[in-house]
Amino acid sequence: MADKTSLKYAREGSRLQRVRKRRWPRRLLWTTAVLLILLVLAAGGSILWLRSATLAALPALDGDVQVAGLSAPVTVRRDAHGVPHIDAATQADLFMAQGYVTAQDRLWQMDTFRRNSEGKLAEILGRSLLKHDETQRVLQIPVAAQRIYEHLSAQDKSCVDSYARGVNLFLDSHKNSLPPEFRLLHYQPTPWTGVDTISVGLMMVQELDMHAVAKLGRSHIEAELRNPKLESDLYPVGSWRDHPPTGLEVDWDAPRPQPPATGNDDDDEDAPTKTQLEPFSGTPENVQALLVLLGLPACDGCAAGSNNWVVAGSHTASGKPLLANDMHLGFSVPGIWYMADLSAPGFHCAGVTLPGFPFIIAGHNEHVAWGFTALMADVQDLYVEKLDGKGNYQAADGSWKPLSVDHEVIHVRGGRDEAIDVVSTGHGPIVNPILTGESRTIALKWNLYDPALNAIPLYQMNTASNWTEFSAALEAWSWPAQNLVYSDDQGHIAYQAIGRVPLRPGGLMPVPVEDNTHEWQGYIPFEDMPRAVDPPSGFLATANSRVTTPQSPYPITLEWIDPYRVERIYKDLDGRDGLTPKDMLQVQTDIYSELDQEMGQRFAYAIDHTDGVDDRLRKAADLMRSWDGRLTTDSAAASIVTKARAELRQMILGPKLGKEISDYHWGESTFAEEEIVMHAMPDWLPPGYKNWDAALTDAVRKGMEDGKAPPDVTAWTYGSWHTIEVEHPLVQFLPFLEHIAGTGPQPMSGDVTTVKQIGRDVAPSQRFTMDWSNIDGSTENIMLGESGNPLSPYFRDQWNDWYNGSTFALPFTPGAVVAQTRHTLRLEP
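The structure presented is a predicted model; accordingly, all values stated were derived computationally and were not measured.

## Quick word on the overall build of the chain
- Looking only at helices and strands, the chain has 23 helices and 25 strands in total.
- The proportion of buried residues among the 829 residues of the chain is 61%.
- The contacts of the chain with a sequence gap of at least 6 include a subset with a gap of at least 24, amounting to 74%.

## Observations concerning the sheet that holds strand β6 (residues 338–344)
- The 11 strands are arranged β1-β25-β2-β3-β6-β7-β8-β9-β16-β17-β18 in an open sheet whose pairing can be described as mixed. Among the strands making up the open sheet, the edge pair consists of β1 (63–66) and β18 (531–533). The sheet shows a mean angle of 20° between the axes of neighbouring strands, direction not considered.
- When strand β2 (residues 74–78) meets strand β3 (residues 84–87), the two strands line up antiparallel, connected through four bridges. The residue bridging T75 from the neighbouring strand is D87, located in β3.
- On the sheet, helix α13 (residues 467–474) packs against β9 (368–374), β16 (482–488), β17 (493–498) and β18 and is oriented at approximately 165° with respect to β16.

## Some remarks on the environment of A89
- One can find A89 in the loop between β3 and α2 (91–118).
- Judged by its relative accessible area of 39%, A89 is partly exposed.
- C-alpha of A89 to C-alpha of L70: the two residues are 19 residues apart in sequence and 9.5 Å apart in space.
- In this view, A89 contacts A72 and P345; residues no more than four positions away in its chain are not counted.

## Observations regarding helix α19 (residues 669–678)
- Along α19, nine of the 10 residues are buried, which leaves the element largely enclosed by surrounding structure.
- All buried positions along α19 are accounted for by S669, T670, F671, A672, E673, E674, E675, I676 and V677.
- Packed against the buried residues of α19 are α10 (228–234), α14 (564–573), α16 (594–608), α18 (636–657) and α20 (692–706).
- Of the residues trailing α19, A680 is marked for its positive phi of about 45°.

## Comments concerning the pattern of salt bridges
- Following the criterion strictly, the structure yields 36 salt bridges and no others.
- When the shortest N-O distance is used, the salt bridge between D693 and R602 registers 2.9 Å. Placement of the pair is D693 in helix α20 and R602 in helix α16, with a sequence separation of 91 residues.
- What makes R602 buried here is its relative accessible area of 16%.

## Let's talk about the confidence of the model for the chain
- Counting all residues, the mean pLDDT for the chain is 90, and 88% of those residues have values of 70 or more.
- Note that pLDDT drops below 50 for residues 257–285; the model gives that stretch 72 contacts with residues more than four away or on any other chain.

## A short note on the side chain of D242
- With respect to the helices and strands, D242 occurs in the loop between α10 and α11 (287–293).
- What makes D242 buried here is its relative accessible area of 8%.
- At 2.6 Å, the side chain of D242 and the backbone nitrogen of S239 are in polar contact.
- In terms of polar contacts, D242 uses its side chain to reach the side chain of R546, at 3.0 Å.
- Leave out the neighbours within four places in its chain, and D242 touches S545, R546 and P563.

## Considering the packing of α2 against helix α4 (residues 130–138)
- Two numbers describe how α2 lies on α4: the axes approach to 7 Å, and their chain directions differ by 65°. On the basis of the axis angle, α2 is roughly perpendicular to α4. Along its contact with α2, which presents R115, N116, S117 and E118, the element α4 presents H132, Q136 and R137.
- Tallied by class, residues from the contact of α2 with α4 come to no nonpolar, four polar and three charged.

## A short note on the packing of aromatic side chains
- For the coordinates displayed, the defined rule picks out 20 aromatic pairs.
- On the basis of an interplanar angle of 85° and a centroid distance of 5.3 Å, the ring pair of F95 and F347 is categorised as edge-to-face. Taken together, the residues span a long stretch of sequence, with F95 in helix α2 and F347 in strand β7 (residues 347–353) at a distance of 252 residues.
- Assessed through its relative accessible area of 2%, F347 is described here as buried.
- Seen from their ring centres, W240 and F671 are 6.4 Å apart, and the 65° between their planes marks the pair as edge-to-face.

## Observations concerning the pairing of strand β24 (residues 779–782)
- Burial along β24 is two-sided: T779 and N781 facing one way and E780 and I782 facing the other are all buried.
- Sheet analysis places strand β23 (residues 766–771) next to β24, joined by four bridges and oriented antiparallel. Bridge assignment links R767 to a residue of β24, and that residue is N781.

## Regarding helix α8 (residues 194–209)
- Over its 16 residues, α8 extends 22 Å from the first C-alpha to the last, a length consistent with the 22 Å expected when each residue adds 1.5 Å.
- Here α8 lies mainly inside the structure; 16 of its 16 residues are buried.

## Things to note about the side chain of D381
- Note on placement: D381 falls in strand β10 (residues 380–384).
- Given a relative accessible area of 1%, D381 falls into the buried group.
- Here K215 takes part through its side chain, which lies 2.6 Å from a polar atom of the side chain of D381.
- Not counting the four nearest positions on each side in its chain, D381 is found in contact with K215, A443, L444, K445, R504, M509 and W520.

## A word on the pairing of strand β4 (residues 306–311)
- The buried fraction of β4 amounts to six of the six residues, a majority that puts the element mostly inside the structure.
- When β4 meets strand β5 (residues 322–329), the two strands line up antiparallel, connected through six bridges. Bridge pairing in β5 links W309 to A324.
- Looking at chain direction, β4 and strand β19 (residues 539–542) are connected through four bridges and run antiparallel. Paired with V310 across the strands is L540, a residue of β19.

## Quick notes on the packing of helix α17 (residues 615–625) against α18
- At a minimum axis separation of 9 Å, α17 and α18 run at an interaxial angle of 105°. One element, α17, and the other, α18, form an angle in the roughly perpendicular class. Mapping the contact onto sequence places A620, L623 and M624 in α17 and A636, A637, I640 and V641 in α18.

## A look at unusual backbone geometry
- The linkage connecting V333 with the following residue, P334, adopts the cis geometry, with an omega of -10°.
- Its location among the elements puts P334 in the loop between β5 and β6.
- Between W479 and P480 the backbone carries a cis peptide bond, its omega angle lying at -5°.
- With respect to the helices and strands, the residue P480 is situated in the loop between α13 and β16.
- In the Ramachandran plot, F359 falls in the positive-phi region, its phi being about 75° despite a non-glycine side chain.
- Turning to its location among the elements, F359 is positioned in the loop between β7 and β8 (362–365).
- Owing to a relative accessible area of 1%, F359 belongs among the buried residues under this scheme.

Parameters at a glance
- Numbers given to residues run from 1 along each chain, matching the order in which its sequence is written.
- Totals for whole chains, interfaces and linings use every residue, but because this is a predicted model, local features are given only for residues with pLDDT of at least 70 and side-chain atom pairs only at 80 or more, for both listing and counting.
- To obtain the side-chain values, all non-hydrogen atoms of the structure were included, while hydrogens and water were left out.
- Each helix corresponds to a stretch of at least 4 residues labelled H or I by DSSP, and each strand to a stretch of at least 2 residues labelled E; elements are numbered beginning at the N terminus.
- Remark: exposure states derive from per-residue accessible area (1.4 Å probe, protein chains only) relative to the maximum for the residue type, with buried under 20%, exposed over 50%, and partly exposed in between.
- Residue contacts are defined here by distance: any two heavy atoms, one from each residue, within 4.5 Å place the two residues in contact.
- We call two strands paired when DSSP finds no fewer than two bridges between them.
- Comment: axis = line fitted to C-alpha atoms, over the contacting stretch for helices; angle = value between 0 and 180 degrees taken between N-to-C directions.
- What counts as a salt bridge is simple: a side-chain nitrogen of Lys or Arg found within 4 Å of a carboxyl oxygen of Asp or Glu.
- Per residue, pLDDT captures the predictor's confidence, and it can take any value from 0 to 100.
- Any pair of nitrogen or oxygen atoms within 3.5 Å is treated as a polar contact; in protein, a donor-acceptor pairing is required on top of that, and neighbouring residues in sequence qualify only through side-chain atoms on both sides.
- Roughly parallel refers to an angle under 35 degrees, roughly antiparallel to one over 145, roughly perpendicular to one between 65 and 115, and oblique to any angle outside these ranges.
- Gly is placed with the polar residues, together with every amino acid not listed as nonpolar (Ala, Val, Leu, Ile, Met, Phe, Trp, Tyr, Cys and Pro) or charged (Asp, Glu, Lys and Arg).
- Pairing of aromatic rings covers Phe, Tyr and the six-membered ring of Trp, with a centre-to-centre limit of 6.5 Å; geometry is then stacked below 30 degrees between planes, edge-to-face above 60, and tilted otherwise.
- Here the expected length of a helix is defined as 1.5 Å per residue gap, with one fewer gap than residues.

Structure (structure tokens):
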């Protein structure tokens, strides 16, 4: 009986177990379905919330808005691209309205600009930005901004304060409809101040004048090579391809001069010989990582540079000057520039503005026009300091003086505050806290730290009516160091190098200074800076390469940018007549590279003269041999040459530099490559190859392998891998923004040696052409659009023009503005 009962229970248990097994998949399926539904609902709810928040943040473009503090109504007309044309009764009202309107479109960008500069990003984004914030505090950017604001002229301070009031009036009236980024990150912006405006300006100074990193890297390279000849090969100073903007006639039929044996020119005549330099010892900082930390371009050949040129009326179809400018900077969503047209009694100026800063940065008024490129002047030095361990440093005169200490506190979201002490000598802050593994005590001297330099003469430039007034304004320019081209309605053209460049009787130093003979002695006088006014050639151009000549009274830098862009500009335009604005745009978007075509020919020759090459390599040689040098997105030759050059760089540098290869960053590194290859320098032949032909052939083979070229190399189009992607800065924290605000990867023509400079980290940020024969036909466009709101029609409406190399006119005269008005907003007192 017991056995039967046991058997019954066993059978029942088995049945229940089978039932449970059958039910388990259904339960799992239902549970999964419910979870998926909940996830979909949550995602849908989040999307609806984000869309609602984004819609709520769209600014009012029409109607009347009460803005306390105005003395009279201000009219804001928006044209077809959403560009604000602001018309005010007084200049104070104008700059207040500029602050208000810019905040309408770019408030979150303005807030991140000031936080980026002031070292306050960790406060909203957490510990991952702590090192960045520490860097900004060590560099004393907030301290410099405070000093400069306090010493502004009464005129400039009034404009800056009016702008800040306009920003704050927008903030106060839109606390419940702020841009969605504020709501996503759950924080409120603090009131805008005049110091914030200066901080935004210093963001640009830091990007354009921070060249001391190259000196640190060079000290590492010098220690690794221990060979002055090889070091000279890697660090050329200027080149035979340069075209300084002297305005003298260029004889293109004259034979090309051979490059100097040392690769250097007049600018390093005063530089110390290598026997004077103490070798670096210690664990080096990775310079590439430091560039990233500083927000500087880190890709090979990349630099925050630009193109600008001006053509006299004697060479144009209209008989009036043409001026063109495209500034090459880092890119993100939204773009760095904000277009505007500002008008009030005594002030009418249009062009690009920097969100957070009043005035027009580059553009034109009723009488004058101007554009910028980076001068590359050396305005920083690194000094190896001696400390006594008792809070003192040894000054240049040998005496011991106390270190100064600034106490800084960095607020960190979701974590404890970080307190840091910024220690300084008489030269400047000791920067070791941002240099990993640096054994020497290094201080940074920078003209930004000079308490006597506080002028930002943009107002004076915006209101100048001729070269005399404009040049007087430029004399006060402190930083960043720039090349400026100029034209006016009277037919004059000019070039002027601006910025306070230190006088160094002991010579320019390419590495940290370890003696007391390289102290600064004032600055190069304005009248001794490179300049040209109404030159005989009727043409002036710069693109960050050398602007000095053997006749220049003072050296400016040891590090210029590669000469290929400016050389191409001269070949495109110099000596031509009947030029039009269309010709200016064609040059700005030129994607021909003489360097790449030349290298392609050399690679093809090498393959032809190397034994045992396969049919694929021979096909690659045929493509390169017949290539026109234009880096179009459908070009296979462009892919082959570009990838082969990347491999060749590693093959040449790797054996000699080893792990220090990432520390090699030099403005003319591409020209150094060209000289090494074209002169077949035996000292640089990669080991394991019997000659340069064999090495170059292998570079092509490796380039195709590592680049994953298809079996049919003719199908390996440049645009299939050479792309540009413009991302929102929050993508690394909120990846879904990539699909809402970014462009996605887009095939891109050109490279860093073409006039249309395209690199991983830099691209043309805008394109401007001033036509004095038709001021309303003058063109300006930025990379994306005026708005930072993805749901605005002006968020990315300029992208197609930028991407496809087209442009549009920016109306300026009252009649033209009214005719192109799409929206009208009245700001009422």
